[in-house]
Amino acid sequence: ERLTAAAEVFTHAENPGEWADIRCDLGIAFRERVRGARGDNLERAIKYFQEVRTSRASELRPVTYARACNGLGTVYLDRVSGVHADNVEQAIGCYTEAREILAKYGLTVDRAAAQHNLGNAYVQRIAGSPADNIESAIGCLEDALTVRTQAALQLDWAETRQALGNAYLHRARGERAHNIETAITAFQDARGVFARLRAARQEAVTQQGLAQAYFSR
């Protein structure tokens, strides 16, 4: 409610920078909203993020613009409405744009987060070659891990290791046994961190992936 009230005060014509910041925050709020229909909340989030993308925010608030692109990509991956394949393509475009802007301004941690998200999107991609998509995912995730190290960003490292395990589990290229062992190691790394940090949901998802990897061993 406070963000909605602020949105009425800061207009695009008089305060374009603040307007973009508030629209981005509204997009994040609706993306994370628990009350109301999930599909409706995501559509509201898309609306606010898109307003930032179609404004002058890329010039006035480039970091806010990149946040909106990254947030929009996540909403498209979670989107209930529309064709999933199309939503994934939208997500890939958003994450790619966010990554480029964040790299331009030297925001390495945020860029790594966008790269992580892009890797997840490629794993889900339906268009194009499945094998190429997985290779793209692995490339993005391994690049993200050069910044998301265990020493510096333990939880982020675990999340990317979990995603990398999922990518290797579905990899068609390379030796199958090697891919499965790589997936198992990545899942085990992630599970250990999630268990220590008591991140129950992430640990459960990782445990499921690990079980699938052992079943495929």
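Just above sits the structure.
All figures in this text were calculated on a predicted structure; none of them were measured in a lab.

J.: Go over the packing of helix H9 (residues 154-169) against helix H11 (residues 200-216) with me, naming the residues and quoting the values.
T.: Packed helix pairs are specified by the crossing angle of their axes together with the interaxial distance, meaning the distance between the axes. Look at H9 against H11: their axes get within 10 Å of each other, and the N-to-C directions meet at 25 degrees. By the angle between their axes, H9 is roughly parallel relative to H11. Our pair here, H9 against H11, has a crossing hand that is left-handed. Counted together, Glu159, Gln162 and Leu169 of H9 and Gln202, Val205, Thr206, Gly209, Gln212, Ala213 and Ser216 of H11 form the full contact between these two elements. Residue classes in the contact of H9 with H11 are distributed as three nonpolar, six polar and one charged.

J.: Before we move on, can you summarise the packing of aromatic side chains with the specific residues and values?
T.: Tallying each qualifying case throughout the model produces one aromatic pair. With 5.8 Å between their ring centres and 25 degrees between their planes, phenylalanine 30 and tyrosine 48 make a pair best called stacked. With phenylalanine 30 in helix H2 (residues 16-32) and tyrosine 48 in helix H3 (residues 38-53), this residue pair connects regions lying 18 residues apart in the sequence. For phenylalanine 30, a relative accessible area of 10% corresponds to the buried category. The ring of tyrosine 48 carries lysine 47 above its face, with NZ or CZ at 4.5 Å from the centroid.

J.: Which residues make up the side chain of asparagine 87, and what values go with them?
T.: Among the secondary structure elements, asparagine 87 is positioned in helix H6 (residues 84-104). Take asparagine 87: its relative accessible area is 3%, and that puts it in the buried class. Polar side-chain contacts of asparagine 87 include one of 3.1 Å to the side chain of arginine 79. Contact partners of asparagine 87, with chain neighbours within four places excluded, come to Tyr76, Arg79, Ser81 and Gly82.

Thresholds, definitions, all that
Residues numbered from 1 in each chain as written. Predicted model: local features only at pLDDT ≥ 70, side-chain atom pairs only at ≥ 80, totals over all residues. Heavy atoms only, no water. Axes fitted to C-alpha atoms, helices over the stretch in contact; angles between N-to-C directions. Helix = DSSP H or I, 4+ residues; strand = E, 2+ residues; numbered from the N terminus. Parallel < 35°, antiparallel > 145°, perpendicular 65-115°, else oblique. Left-handed = near helix turned anticlockwise from the far one by under 90°. Contact = heavy atoms within 4.5 Å. Nonpolar A, V, L, I, M, F, W, Y, C, P; charged D, E, K, R; others polar. Phe/Tyr/Trp six-rings, centres within 6.5 Å; stacked < 30°, edge-to-face > 60°. Buried < 20%, exposed > 50% of the residue type's maximum accessible area, 1.4 Å probe, protein only. Lys NZ or Arg CZ within 6 Å of the ring centre and 35° of its normal. Polar contact = N/O pair within 3.5 Å; in protein donor to acceptor, adjacent residues only side chain to side chain.

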